[in-house]
Structures are given as C-alpha cells and as structure tokens.
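So the chains spell out like this:
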Amino acid sequence: ALQPGVGASPGPGAQQLHVLMMLTKADTNPALRARLAVAVRSMAERAELRDGEQLHLHLVTDPASRRLGEPLVREQLRAAAFHCQVTFHDVDTMTHELFPVVEPMQQLFSAGAGSYYSDSIFFLSVAMHRIMPAELTHIVQLDLDVKYMSNIRELFDEFDKFQPGAVLGIAREMQPVYRHTFWQYRQENPHTKVGDPPPDGLPGFNSGVLLLNLQAMRQSALYNQLLDAEKVRKLADKYHFKGHLGDQDFFTLIGMEHMELFHVLPCTYNRQLCTWWRDHGYSDIFHLYFKCDGKVKIYHGNCNTPIPDE
C-alpha cells in the first residue's frame, strides 16, 4: 500500500472511508488510464474529510494494469489535502473467490462467453460481502468513467439514510434500456410499472455508483437467499429477462420485487451521460428517463461519453 497525502497520518484509530474501483486490461486500453486519472484527480481535488478520517482506495487490477496505474494514482493524489491509503487487489485472486457465488448469474447477465462482462469480476459488488474481510463494513464502488463535482464525503452520508432492511445504495438507470429488456413481460402485463420511467415507474438501476453496506448484506437473509442460483433463474424466467450488464442486471431484476433492499440515490450522484437509446428507437420517451434536476455531484460518462468540463 502506498500512502500519499500531506499532513501527519491520522494513525491506526482513523475512521476509514473505503472506495473501490477496477482497473483491468489497462495495458491494451490507454483510454482507461486517462479515465483513472480524471476519476482520482477530481476526487482528490474536491474531497474534504472530517478530523480523524482517512480515505482508503481499493484498486482491483491485473499485474500490467497495476504497473501502469500505481504511479498514476500516486501522481493524482499528490495534491490531496487528506491522508489516503491505497490497496491493490489482484483480479485473478478475487475472480477465483467470486466465481462459485456468481457463476449462475454470469449465465443470465453476461454478453456471451469471452466478452467483457462475462468475467466474474463484473459481479464483484453482488458478492463483495462474501469476499471482503468482516471488519470492512461499508464500501463505495465506482466505475472508472466518473468525475467528481463535489466532496466524496457527502456520498458516505447517504449510508445514514438507508431504511431498515436496505443493504445497497444505487441510482436509477437513466436510459430506457430496461424498458427494452423487459419488452415481453411488458407486453404480457400492460399495466406494469416494470421498465416505466421515474418517478412512478421502475426503470431499473445503474451500477456506476454503488454504496455497499457489507454488514447489512451479510446479515440480510433475503439478500443472501436471492443469490441462490435457483432463485435467480426463477426470477429471470418470470420476467423473461436476459441481460448483458453484469451486476446492474442482477440489482435491477431483484429490485422489481424487493425494492426494500435498496436505498435509491438521487440522480445527481450518478449523472449518466450516455444517450445511445435515444438514437435506437426511443427518441420520443427518452427525456422521461434522462431528466435529472439539481446540481450534479458525480458525472458518469458511460458508453464512452465525454464528461463536460467545469
């Protein structure tokens, strides 16, 4: 672990704020390195922690990506006004631990063998409570293609807003992707809210920004039952659901029946920018999903969408 940052170390009693990101295949994809730089720099520039707090950044990497990413992270954190610890996790080791838990999901929510999402690691959030040490109770997981416009500390305050029974904080999906995925179920159930836009509909979730209450995930009988291969398959069959977006498909599917497991984050914490579905058959209703009022706290440049400058 490397410890950049200025000022005296808050010491072993420090309250740690855990943040996890993934950086794999960065040696063959220079765009990922640029994204990492933007994500870490914007986080460091705007973060203001409270006394005795320390940011603990977890990076899931392969050896080649770590070689490229480590100096980059060190550089971006140099200007940080807080103490930061960085831990690297080997993607193969994690995949090995994840695979037995998430294999049934991969068959349902992956884009086919050998493709990007078919790696178990894209289901890390679903089973993180099973593979992270017990003393780790809360963690925020973010995609690499984000840019912070506000203090990341505010995101951790959202944990305090979880209702009893909620294990996970997540924002809604801001495109009609799940309206599309659930087309058959919607046809058979014309009055359903499944796939409908907010505020009353169930548009599904976007996993670009995730608040994982690992302690609650470990303790929730309901959540752990839903990880069972047979349960997942039954739900997928009921909704005629076949996805390709990894963890967010799982969260979206179980959210159709168990919204009580989720704390819905305001859209400003995951302001998605991708407009792919506007140009692929949904131009007339796209705005109902894409609308997001309020000052943006985190931009998410999904589907390679450029993130606006200040």
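Just above sits the structure.
Residues numbered from 1 in each chain as written. Predicted model: local features only at pLDDT ≥ 70, side-chain atom pairs only at ≥ 80, totals over all residues. Heavy atoms only, no water.

Draft legend 1. Region of interest: unusual backbone geometry. Here the amide bond leading from Pro 198 into Pro 199 is cis, since omega sits at 5 degrees, within 30 degrees of zero. Tracing the sequence through the fold places Pro 199 in the loop between α7 (183–188) and β7 (205–213). Phi at His 240 is positive, roughly 50 degrees, even though this residue is not glycine. For His 240, the position within the fold is in the loop between α10 (229–238) and α11 (247–255). Judged by its relative accessible area of 31%, His 240 falls in the partly exposed class. In this structure, Asn 304 takes a positive phi of about 60 degrees despite not being glycine. Inspection of the secondary structure assignment puts Asn 304 in the segment after β10 (298–300). (Helix = DSSP H or I, 4+ residues; strand = E, 2+ residues; numbered from the N terminus. Buried < 20%, exposed > 50% of the residue type's maximum accessible area, 1.4 Å probe, protein only.)

Draft legend 2. Broad picture of the packing of aromatic side chains. Per the counting criterion, the structure on display carries 15 aromatic pairs. A ring pair is formed by Tyr 223 and Phe 250, whose centres lie 6.3 Å apart and whose planes are at 80 degrees; its orientation type is edge-to-face. Of this pair, Tyr 223 sits in helix α9 (residues 221–226) while Phe 250 sits in helix α11, and the two are 27 residues apart along the sequence. Here Tyr 223 and Phe 250 have matching classes, each one buried. Ring-pair connections join several aromatic residues into one group, and the members of that group are Phe 109, Tyr 178, Phe 182, Tyr 185, Tyr 239 and Phe 241. For Arg 271, the ring lying beneath its charged end belongs to Phe 290, and the centroid distance is 4.2 Å. (Phe/Tyr/Trp six-rings, centres within 6.5 Å; stacked < 30°, edge-to-face > 60°. Lys NZ or Arg CZ within 6 Å of the ring centre and 35° of its normal.)

Draft legend 3. The arrangement of the packing of helix α3 (residues 91–109) against α10 in detail. It is the contact of α3 with α10, at a shortest axis distance of 9 Å, that shows an interaxial angle of 20 degrees. Classified by the angle their axes make, α3 and α10 are roughly parallel. At the point where α3 passes α10, the crossing takes the right-handed sense. Residues Pro 104, Met 105, Gln 107, Leu 108 and Phe 109 of α3 pack against Ala 229, Val 232, Arg 233 and Ala 236 of α10. (Axes fitted to C-alpha atoms, helices over the stretch in contact; angles between N-to-C directions. Parallel < 35°, antiparallel > 145°, perpendicular 65-115°, else oblique. Left-handed = near helix turned anticlockwise from the far one by under 90°. Contact = heavy atoms within 4.5 Å.)

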